[in-house]
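Report on the structure
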Amino acid sequence: MHTPPDAAATVYSPEELPAELTAEPSLIVSDITESTSRALDELRPPAEPALRTESPRFAHFPWRNALVKIPGPRTFRRLRLDRNRHKLTAAQQAAAGDLRIGVVGLSVGHAISLTLALEGLAGELRLADFDELELTNMNRIPATLMDIHDNKAVIAARRISEIDPYLTTVAYSEGITTENIDQFLDGLDLVVEECDSFDVKVLVRQKCRSRGIPVLMETSDGGTLDVERFDLEPDRPLFHGLAGDLQIEDLVGLDRASLTPLAVRVLEPTKVTAPMAASAIELGHTVTAWPQLGGDVLLGGATVAAAVRRLVQGKSLRSGRVRFDRDSWLDGLEDPIRTTAADRGPHGSAGAEPVPPQEETPVEAMSDRELVVHAARRAPSAGNQQPWEITSDDDTVTITLDPTRTSTLDVGHRASAVAVGAALYNARVAATARGVLDDIEIVDDAGTLAGRARLKGLGTGSPSPDAEAELTAILTRGTRRGVGDGSPPSAVDLGRLHDAATSDRTRLVALTDRTDINRYASIISRSDRARFLTPELHREMFQELTTDPAAAEGIDVASLDLPPAMSGMLDVLRRADVMALLDEWGGGTALGADAGARVASSSAVLVVVQRGTAPVDYLRGGIVAEQLWVAAERLGYAVHPMTPTFLYAGDDETARTLSSNHGDELAALRREMLDTWPLGADEAPTIVMRLSRADSPVAVSRRLPVRGTARPGPG
């Protein structure tokens, strides 16, 4: 006889509810549907409409003399397992709900069956144990004194039923015998074996092997978990062959003294913990049974549940043994205070040594050539990569594009060419301020792209007051990423910005209408999300960041002006495994939300547009971009470059190559931007900057030492 009538709840529809039950004056009646209805309203994403019309049910718990009004089965499951999401997908949770699992032995098995029920990892649990609860069991079985003398399988079934009355529980209160084992195993997908009787252990495995049912066993000692995949290996020896080729017939007539050595062989005597090995010797002398701790048993519930999750997730779970030894884990404690600083270099990566900050000569003490080189170095570049080599001789400062300092998004070194153009503009202003500029030359020869500022009369030039004011603006120029107040620029300011960005080869597209700004905010938000979720782009993005404010390259995290919630999550955001999961779930909208919010707060979004797509065209565009940046700051605006991921892709196909998993999305975003703000057939965007009125401090990034050569000369 199994499943005593009071071992599981009975669930009634409103129409089926017996009148005599509700008429019982001592019945304790409660209703949770009001609170669950509110919880349903708060679910994200919103619950499917059908759940709101599902009829409630009544769960009767006779051992408690209680009746509880609960949501219908689909609503109940959606709410109870809502917090499983992102640990298990909806499809995996549904597959778990179809599993039929048998648990043999309800001491360790109680914790295991409870955990399986909590996580919704079974639709039916068959629980087998002939034993009654005793006080000596209560160091490891989470029962109560009121359960003493009740059957262990019934106690577990009741507890599970009180958690989820829709989960089918079948209690085999006579335990497993040769007479009932076939009935117990019929239709099961998995068996968890946790009984004390060695002959039953062998019987369960022998029968499961013949039926192709996998068996899990958690022995508690050292957190040992066994997996025997008889469904995949029908000829696999029982217990991995550790006790020989055992058959149930071999155990007939053996007493406890004869069975104990077999059990020890299964546990691997050289690998069990010392207390367990010593206890094997002391059985029947100083201890009456195998020792077990409540924490070890509860850990067993977690490890078995983890193994079952792998099955429903379609992950590998092969036959074998693994140990989750908490003591060895605790021996390996690491001190985050000591390891964090040691493990992270200036860019948050192990082993990277910070470049010592360079002492800079005051501007007024610099020679003409030194000032020109210094100003060129102060130019902005994507990720503060400084993709140039600066050399100087007696009368020339040359800024040459360095193709090694690049990234995936620097298609055709176009972003680098823009940076070289910005550096050349700075060099020109510095030379003009000292009155020593002869001319500017752009070199595009045999794959070499460079800008040269030719100087004259070093040390004898006449300063230009206008150029000196612009030089001061250049040397104090920086990125201000703070949220703006959205106030629109004046017509006068827009006119000056257009003047600064207009040449025979460039023009300015200024987005000032709130609809246009919000449209671009949406584009940059989706573009940033794709960047986070693309493994190679995500890796490069975080390689650009540094937590060392004295680092000579990269972007100081402190200058990002991140909101507290995002700042506190930075170490999570840098994890590739987290991004992979978000991508798998189709999530990550929040990843681009910050960028979108910043753009939406802007006074204007400025797009510099150039004619031509050759490297030299981007260099010339960079000259204008830097001139526009300085002009905007002199008008009192905060400037923040916000170029989308696909900006330097010249066509949709190139945009697709930027991301291994979001290429089509980037191509679509590129097309959306061009459809919204069309360009001419021979035009290309140089840079996108947002202007805002913001209180955030100017972030002036440090620079690498000059990597080129500087030969001494006059001045």
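Residues numbered from 1 in each chain as written. Predicted model: local features only at pLDDT ≥ 70, side-chain atom pairs only at ≥ 80, totals over all residues. Heavy atoms only, no water.

Each helix and strand in the protein chain was counted, giving 26 helices and 21 strands. Against the globule reference of 27 Å for 715 residues, the protein chain gives a C-alpha radius of gyration of 36 Å, more extended than a compact globule. By its C-alpha atoms, the protein chain is 110 × 60 × 40 Å across when sized along the principal axes. Buried positions account for 51% of the 715 residues belonging to the protein chain. For the protein chain, the proportion of contacts with a sequence separation of at least 24, taken over those separated by at least 6, is 74%. (Helix = DSSP H or I, 4+ residues; strand = E, 2+ residues; numbered from the N terminus. Rg over C-alpha atoms; globule rule 2.2 N^0.38 Å. Buried < 20%, exposed > 50% of the residue type's maximum accessible area, 1.4 Å probe, protein only. Contact = heavy atoms within 4.5 Å.)

With that settled, the discussion passes to the pattern of salt bridges. Overall, the coordinates contain 46 salt bridges when judged by the stated rule. Between K201 and E193 there is a salt bridge, with the nearest N and O atoms lying 3.0 Å from each other. According to the relative accessible area criterion, K201 is buried, its value standing at 13%. By relative accessible area, E193 is classed as buried at 0%. Put simply, E268 and R323 hold a salt bridge, and the shortest N to O gap is 3.3 Å. Of this pair, E268 sits in the loop between α9 (256-267) and α10 (274-282) while R323 sits in strand β11 (residues 320-323), and the two are 55 residues apart along the sequence. For E268, a relative accessible area of 17% puts it in the buried group. Shared partners join several salt bridges into a network, and the residues in it are D182, D186, K207 and R211. (Salt bridge = Lys/Arg side-chain N within 4 Å of Asp/Glu carboxyl O.)

On the basis of which strands lie adjacent, the open sheet formed by 7 strands has the order β7-β6-β5-β8-β9-β10-β11 and mixed pairing. Two strands in the sheet have a free side with no partner beyond their single neighbour: β7 (168-172) and β11. This sheet shows a mean twist of 15 degrees between the axes of neighbouring strands, independent of strand direction. Its contacts with the sheet place helix α11 (residues 294-313) against β5 (100-104), β8 (190-193), β9 (215-218) and β10 (224-228), and it is angled at close to 155 degrees to β9. (Pairing = 2+ DSSP bridges. Axes fitted to C-alpha atoms, helices over the stretch in contact; angles between N-to-C directions.)

Turning our attention to helix α23 (residues 589-600). The terminal C-alpha atoms of α23 lie 16 Å apart, and with 12 residues this matches the ideal 16 Å at 1.5 Å per residue to within 8%. Turning to α23, its buried residues are L591, G592, D594, A595, G596, R598 and V599. (Expected span 1.5 Å × (residues − 1).)

In this structure the tally under the stated criterion is 8 aromatic pairs. Measuring from centroid to centroid gives 5.1 Å for Y172 and F184, while their planes differ by 85 degrees, and the two rings are edge-to-face. Placement of the pair is Y172 in strand β7 and F184 in helix α7 (residues 181-185), with a sequence separation of 12 residues. Each of the two residues, Y172 as well as F184, counts as buried. Note on F532 and F542: the rings are 6.3 Å apart at their centroids and 65 degrees apart in plane angle, and the pair reads as edge-to-face. On the criterion of sequence distance, the pair formed by F532 in helix α18 (residues 514-533) and F542 in helix α19 (residues 535-543) is long-range, its members being 10 residues apart. What makes F542 buried here is its relative accessible area of 7%. (Phe/Tyr/Trp six-rings, centres within 6.5 Å; stacked < 30°, edge-to-face > 60°.)

In this section: the packing of helix α5 (residues 108-118) against α11. Two numbers describe how α5 lies on α11: the axes approach to 8 Å, and their chain directions differ by 45 degrees. Viewed along their axes, α5 and α11 adopt a mutual orientation that is oblique. Once α5 is placed against α11, the crossing between them reads as right-handed. Contacts from V108, A111, I112, T115 and L116 of α5 reach α11 at V297, L298, G300, G301, A302, V304, A305 and V308. In terms of residue class, the contact of α5 with α11 is made up of 10 nonpolar, 3 polar and no charged. (Parallel < 35°, antiparallel > 145°, perpendicular 65-115°, else oblique. Left-handed = near helix turned anticlockwise from the far one by under 90°. Nonpolar A, V, L, I, M, F, W, Y, C, P; charged D, E, K, R; others polar.)

The next subject is the nonpolar core. Soluble globular proteins: nonpolar side chains tend toward being buried together. Ranked by size, the top nonpolar core spans 71 residues in total, and within it W388, I399, L471, Y520 and V599 carry the most contacts. With 14 residues, helix α15 (residues 414-433) is the single largest residue contributor to this core. Excluding anything up to four places from it in sequence, L471 contacts L371, A375, V429, A430 and A433. (Core = buried A, V, L, I, M, F, W, Y, C linked by side-chain atoms within 4.5 Å.)

With that out of the way, let us pick up the packing of α5 against helix α6 (residues 152-163). Packing of α5 against α6 leaves a shortest axis separation of 10 Å and a crossing angle of 15 degrees. What the angle tells us is that α5 and α6 run roughly parallel. The crossing of α5 and α6 is right-handed. On α6, the residues touching H110, S113, L114, A117 and L118 of α5 are I155, A156, R159, I160 and I163. Considered class by class, the residues forming the contact of α5 with α6 number 7 nonpolar, 2 polar and 1 charged.

Confidence in the prediction of the protein chain, expressed as mean pLDDT, is 89, and 93% of residues score 70 or more. When the criterion is pLDDT under 50, residues 344-355 qualifies, and its contacts beyond four places in sequence or with other chains add up to 31 contacts. Here residues 709-715 is a poorly scored stretch, pLDDT under 50, and it has 18 contacts once near neighbours within four places are set aside; other chains count. (pLDDT = per-residue confidence, 0-100.)

Attention shifts here to the sheet that holds strand β4 (residues 66-70). With mixed pairing, the 4 strands of this open sheet are ordered in space as β1-β3-β4-β2. The outermost strands of the open sheet, each flanked by one partner alone, are β1 (10-12) and β2 (28-31). Taken over all neighbouring pairs, the strand axes of this sheet differ in orientation by 20 degrees on average, direction set aside. Across 4 bridges, β2 lies against β4 in parallel orientation. Its bridge partner lying in β4, S30 is registered against V68.

For the bond running from R44 to P45, omega is -5 degrees, close enough to zero to count as cis. You can see P45 is positioned in the loop between α2 (33-41) and β3 (57-61). Its identity as a non-glycine residue notwithstanding, N65 has a phi of 50 degrees, on the positive side. Relative to the helices and strands, N65 resides in the loop between β3 and β4. Residue classification places N65 among the partly exposed residues on the basis of a relative accessible area of 26%.

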